[in-house]
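# Residue-level structural notes
Given next are the chains, with one letter for each unit.
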Amino acid sequence: MNICVFLSAADLPDRYTRPAREFAELLGRGGHTLVWGGSESGLMKVVADGVEEAGGRLVGVSVDFLAAKARAVSAPDEMVIARDLAERKALLLEKSDAVVIMVGGTGTLDEATEILELKKHGKHTKPVVLLNSAGFYDGLKEQFQRMEDEGFLPVPLTGLVFFAEEPVGALAHLEESMGVR
Ligand SMILES: CC(C)=CCNc1ncnc2c1ncn2[C@@H]1O[C@H](COP(=O)(O)O)[C@@H](O)[C@H]1O
């Protein structure tokens, strides 16, 4: 399975780094491919290193203005450079069977909301998991719940996104959704 991971490009403390590394190891050991933004920075690098060390394949989709900072990869790994952020998001989704949103800032939020919006409109049916490491997304979860409770969501929240507290639960949900378990 090709699993797209959105997450921070910042260097972060152990409470966020540990689950990122753990998820990467599970992904690699499970024989899956990581599809990610291609960066060699922060948590994005932690995940790429973890997948590579565990024997998984990497598919990066960087973007023109960040291409100089993209990870150097060689076959069977892959790196594509998109023209802009819009094309990058489209390519990340196109190359993936499932999406995991991990802790991040505005870049991660941008990617997450676009993927959920496209799913809401039936443009894709790929499973999306929000990995709530160290309770980072408690506030967002509450906001989504309020959107649903007050009639802002035309589809059930559970049909849009699955909240996982730990990496093992996140991967198990994806494997079950895709029938590879
Ligand atoms: C030092 C430096 C400029 C590093 C490069 N920085 C980046 N390289 C690649 N993708 C990025 C970078 N910053 C943001 N992104 C995109 O936005 C998300 C992370 O943004 P953020 O850190 O959550 O807001 C990633 O999923 C990635 O697709």
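To keep things clear, this report deals only with the structure shown in the data block. (Residues numbered from 1 in each chain as written. Predicted model: local features only at pLDDT ≥ 70, side-chain atom pairs only at ≥ 80, totals over all residues. Heavy atoms only, no water.)

Moving on, we come to helix α2 (residues 42–53). With 12 residues, α2 ought to run about 16 Å at 1.5 Å a step, and its terminal C-alpha atoms sit 17 Å apart, in line with that. With 9 of 12 residues buried, α2 lies mostly within the body of the structure. G55 sits one or two residues past α2 and shows a positive phi near 90 degrees. (Helix = DSSP H or I, 4+ residues; strand = E, 2+ residues; numbered from the N terminus. Expected span 1.5 Å × (residues − 1). Buried < 20%, exposed > 50% of the residue type's maximum accessible area, 1.4 Å probe, protein only.)

Before going further, it helps to spend a moment on the pairing of strand β1 (residues 2–6). Across the 5 residues of β1, 4 count as buried, placing the element largely inside the fold. Alignment of β1 against strand β2 (residues 33–36), held across 3 bridges, turns out to be parallel. From the neighbouring strand, C4 faces β2, where its bridge partner is V35. (Pairing = 2+ DSSP bridges.)

Our focus in this paragraph is the nonpolar core. Of all hydrophobic cores here, the largest spans 28 residues; its most connected members are I3, V5, L7, F23, L34, V100 and M102. Mapped onto this core, the elements with two or more residues apiece are β1, α1 (14–29), β2, α2, β5 (98–101), β6 (128–131) and α7 (167–177). The element best represented in this core is α2, accounting for 6 residues. Within the second largest apolar cluster, 23 residues are counted, among which are F6, A82, I101 and L130. (Core = buried A, V, L, I, M, F, W, Y, C linked by side-chain atoms within 4.5 Å.)

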